[in-house]
Amino acid sequence: METKPISYAGFSVLVPTDWDVGAIRLEQGMTMLGIQDAERNRIEVRWEKAGLKKARQEARRKGKPMEKRLLRPDEVSEKFHQEAKKKIKGLDVQEGVAEEKIGGHTAAISSWSDSQGSGYDAVWFCGNTDRYYYLHFVGAEEQFRSIIKGITCHTSLPYYRWQYLGLNLSLPKDFELVSQKAEVGRLIAVFRGYWEPQKKKGPASFLRPAPLPEPRRLMVERYNLTRLGDADPAPWARKEINSLGHKYLGGIKFEKREEDQAVNGHRASALLFSQGGGLFRKPSAFYLACSWTCPESNSAYLLVVPLKPHHDYRQDEKLPTCPQYVSCHWAAAETSINPAVENHEGSGSEKGSEQQHKSS
Ligand SMILES: [Zn+2]
Ligand SMILES: [Zn+2]
């Protein structure tokens, strides 16, 4: 069976090539990803913070033993299904039908059936990311086994991959998806991260609370070249960046600085934008917008990245370089690399999770 990776915020799974993300839900600290073939949902994966890291920090701060006891995966699985049974009529679950390793951790496996079909669920705790994972799978045992073999739930790399619906990004780990729009031939993804808070100097800093880190937004748009037709990509990009900036950043202004750069071997144009500011005020933020067309993937790309604060980029001789966050045309070749292998190297994941259980 030919497979491809779907990656999202540190989670990655190898699926048949005709499957892709069909639903994304973000609610109260829970992320839900629905992955499906042409007909129906095949995988639903959810994750949420277990809160162990926070509890440990708290205990260290107070100098007291940790209050939180971490639930075992089988306990979480049972609780999860009790809730599910309230919503799904006729849901029948067999807990603990097997124990498997997923991403190097021990997962509790259950089988289920309802009026719609049958399949398997897996629940595990990933100590590296402090996440509980819930995997709901619709289908037969053989496919379930091959799916869980291709799962990565944490990475030792300094970035997270985002590979879905034709996007292929490698972003710093602190970026999270906050908004997205998908339509035929067009995908817009908006991410949010935070700058390191500015350190206040002087003795008073002990008394003053630490300043909140400033948010930073990053936007990626992939646009089908066929949809662009004969239109010149450059004016299109300029117009599009302005409308994205208006919609997701609350307005940005072109600073009349434009430079030719290269992204993945394509000629790209880099443009400087600012936000805030006025006749007598300096802008509060700067953004670099990069646009290029990739004939290999039949797409035009826009990448709008936030620039480090507290610097006026208008006076610089050269603009900052477009970061290599987007892989536009070698997505297919990378499919052959098993992300599970790439990411598990030396991560010592199982040890990590066992220690966490012992200390609970
Ligand atoms: Zn993990
Ligand atoms: Zn390309």
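These numbers were taken from a predicted model, which means no experiment stands behind them.

**Q** Any details on the overall build of the protein? Residues and values, ideally.
**A** Along the backbone of the protein there are eight helices and 19 strands. Within the protein, the fraction of its 360 residues that count as buried is 32%.

**Q** Describe the sheet that holds strand 17 (residues 266-275), and please don't skip the residues or the numbers.
**A** The sheet built from seven strands is open, its strands ordered 13-14-15-19-18-17-16 with antiparallel pairing. The strands lining the two open edges of the sheet, one partner per strand, are strand 13 (176-183) and strand 16 (253-263). Strand after strand, the sheet turns through a mean of 15° between neighbouring axes, direction not considered. Pairing of strand 14 (residues 186-194) with strand 15 (residues 215-224), which is carried by nine bridges, proceeds in the antiparallel orientation. Following the sheet pairing, G193 is matched in strand 15 by R216.

**Q** Could you give an account of the nonpolar core, with specific residues and numbers?
**A** One finds A122, Y133, A289, C290, L303 and V304 to be the most contacted residues of the largest nonpolar core, which totals 75 residues. For this core, the two domains that each supply at least three residues are domain 1 (3-156 + 345-358) and domain 2 (165-328). Residues within four places of Y133 in sequence aside, it is in contact with V45, W47, V123, W124, C126 and C153.

**Q** Lay out the environment of E27 with the relevant residues and their values.
**A** Here E27 lies in strand 3 (residues 20-27). Residues E27 and E48, spaced 21 residues apart in sequence, show a C-alpha to C-alpha distance of 9.8 Å.

**Q** Before we move on, can you summarise the pairing of strand 12 (residues 167-172) with the specific residues and values?
**A** Pairing between strand 11 (residues 159-164) and strand 12: six bridges, direction antiparallel. Directly across from Y160, in strand 12, lies its bridge partner L171.

**Q** Account for the pairing of strand 9 (residues 131-138), naming residues and giving values.
**A** Most of strand 9 is tucked away, with seven of its eight residues classed as buried. Examined bridge by bridge, strand 5 (residues 41-49) and strand 9 share seven bridges and lie antiparallel to one another. Bridging from a neighbouring strand, E44 pairs with H136 of strand 9. With eight bridges connecting them, strand 8 (residues 118-126) and strand 9 associate as antiparallel partners. From the neighbouring strand, V123 faces strand 9, where its bridge partner is Y134. The turn linking strand 8 back onto strand 9 is made up of four residues, and D130 within it adopts a positive phi angle of 60°.

Conventions we followed
- Residues numbered from 1 in each chain as written.
- Chains lettered and ligands numbered in written order.
- Predicted model: local features only at pLDDT ≥ 70, side-chain atom pairs only at ≥ 80, totals over all residues.
- Helix = DSSP H or I, 4+ residues; strand = E, 2+ residues; numbered from the N terminus.
- Buried ≥ 20, exposed ≤ 12 C-beta atoms within 10 Å, placed from the backbone.
- Pairing = 2+ DSSP bridges.
- Axes fitted to C-alpha atoms, helices over the stretch in contact; angles between N-to-C directions.
- Core = buried A, V, L, I, M, F, W, Y, C linked by C-beta atoms within 7 Å.
- Domains from an automatic or database assignment.
- Contact = placed C-beta atoms within 7 Å.

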